Amino acid sequence: MSTPATDLGTLIVDLVGTRAGTHAAESFADPESTRAWFYRAGLIPEDTRVSEAEVWTVRELRDAVTAILASHLHPAKDTDTGSATAAIERIAALHPLMPRLTPAGMELVGTQTGMAGGIGTLLARVATVASNPREWVRFKTCSNHTCHSGFRDNSRNGSGLYCGPGCAAQVNMRAYRKRQGGDAARA
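What counts and how
Residues numbered from 1 in each chain as written. Predicted model: local features only at pLDDT ≥ 70, side-chain atom pairs only at ≥ 80, totals over all residues. Heavy atoms only, no water. Core = buried A, V, L, I, M, F, W, Y, C linked by side-chain atoms within 4.5 Å. Buried < 20%, exposed > 50% of the residue type's maximum accessible area, 1.4 Å probe, protein only. Helix = DSSP H or I, 4+ residues; strand = E, 2+ residues; numbered from the N terminus. Contact = heavy atoms within 4.5 Å. Salt bridge = Lys/Arg side-chain N within 4 Å of Asp/Glu carboxyl O. Phe/Tyr/Trp six-rings, centres within 6.5 Å; stacked < 30°, edge-to-face > 60°. pLDDT = per-residue confidence, 0-100. Expected span 1.5 Å × (residues − 1). Arc of directions from axis to C-beta. Polar contact = N/O pair within 3.5 Å; in protein donor to acceptor, adjacent residues only side chain to side chain.

Participant: Quick question: what am I supposed to make of the nonpolar core here?
Facilitator: In a soluble, globular protein the nonpolar side chains are often hidden away together inside. Residues Phe38, Leu61, Val65 and Leu122 are the most contacted members of the largest nonpolar core, which totals 30 residues. Contributions of two or more residues to this core are made by helix H1 (5-16), helix H2 (31-40), helix H3 (52-71), helix H4 (82-94) and helix H5 (114-130). Examining the composition of this core, we find that seven residues originate from one element, H3, more than from any other. With residues near it in sequence (within four places) discarded, Leu122 still touches Leu11, Leu15, Phe38, Leu43 and Leu61.

Participant: Help me understand the pattern of salt bridges, please; the structure alone is not making it clear to me.
Facilitator: Opposite charge on two side chains allows them to pair when their charged atoms are near. For the structure on display, the rule yields seven salt bridges. Linking Arg152 and Glu135 is a salt bridge whose minimum nitrogen-to-oxygen distance equals 2.7 Å. Taken together, the positions of Arg152 in strand E4 (residues 150-152) and Glu135 in helix H6 (residues 133-136) put the pair 17 residues apart, joining distant regions of the chain. For Arg152, a relative accessible area of 30% translates into the label partly exposed. Through salt bridges that share partners, Glu26, Arg62 and Asp63 make up one connected network.

Participant: Even after reading the chapter, I still don't get the packing of aromatic side chains, so can you show me in this structure?
Facilitator: Note on aromatic pairs: each is described by the distance of the centres and the angle between the planes. Taken as a whole and judged by the stated rule, the model has three aromatic pairs. Ring centres 5.3 Å apart and planes at 70° place the aromatic pair Trp37 and Phe38 in the edge-to-face group. Like Phe38, Trp37 is buried. Through successive ring pairs, a cluster of aromatic residues spans Phe28, Trp37 and Phe38.

Participant: For this particular structure, what's the right way to read the confidence of the model for the chain?
Facilitator: Low-confidence regions, as indicated by low pLDDT, have predicted coordinates that should not be scrutinised in detail. For the chain, mean pLDDT is 87; residues scoring 70 or higher make up 91% of the total. The weakest mean pLDDT in the chain belongs to helix H7 (residues 165-186) at 77; the strongest belongs to H2 at 96.

Participant: How do you make sense of H4 when you look at a structure like this?
Facilitator: A turn of α-helix holds 3.6 residues, and therefore any two residues three or four places apart point the same way. An ideal rise of 1.5 Å per residue puts 18 Å on 13 residues; H4 measures up with 19 Å between its terminal C-alpha atoms. Among all positions in H4, only Ala84, Ala87, Ile88 and Ile91 are buried. For H4, the angular spread of buried residues about the axis comes to 95°, placing them on one side. Projecting away from the buried face of H4 at angles above 90 degrees are the exposed residues Glu89 and Ala93. Tucked inside the fold, the buried residues of H4 contact H3 and H5.

Participant: Please explain the environment of Gly114 as it appears in this structure.
Facilitator: For Gly114, the location among the structural elements is in helix H5. Placed 66 residues apart in sequence, Gly114 and Thr48 show a C-alpha to C-alpha distance of 5.7 Å.

Participant: How should the side chain of Arg138 be read in this particular structure?
Facilitator: Position of Arg138 relative to the elements: it lies in the loop between H6 and strand E3 (139-141). A distance of 2.7 Å separates a polar atom in the side chain of Arg138 from the backbone oxygen of Ser155. Discounting residues that sit within four places of it in the chain, Arg138 has contacts with Phe151, Arg152, Asp153, Asn154, Ser155, Arg156, Asn157 and Gly158.

Right, dumping it as structure tokens:
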């Protein structure tokens, strides 16, 4: 059964949000937390075993996807995503994908079982969204440096920088305070 594109986008946003930050713990801290996230995402069966090496692979994939989404914030800048692309290619070589034809269309799936299959399927779902460039560039990371969220930019012109109004307000308040502090020093 094909997964709707909206669910795929939610999966990408959720993946980026697994990073440790000010308000959240690392979701891929150990094999158990990694297994739990993959199970909740519908990528593996509940009883799947996860190794430490697979945890590191998942973190590397997440960080690579995050780096590419960060480059979507300022597409005019020449952002180096070479290492992120290389990491994804290295992971893809170890977790092959295949097309699955269904009455609803075609989807990519991992060819392996267990956690390796889950990693492959996650990669396949990211690749499915990325295969539509107009959709893919709308996925970004929040410009608020204290936020570790991903988001889908739903603005008309695709110029959104923040995951929500709260982060935009935080950044604006920091800029205001910096300006006020600079004005007080000059007085």
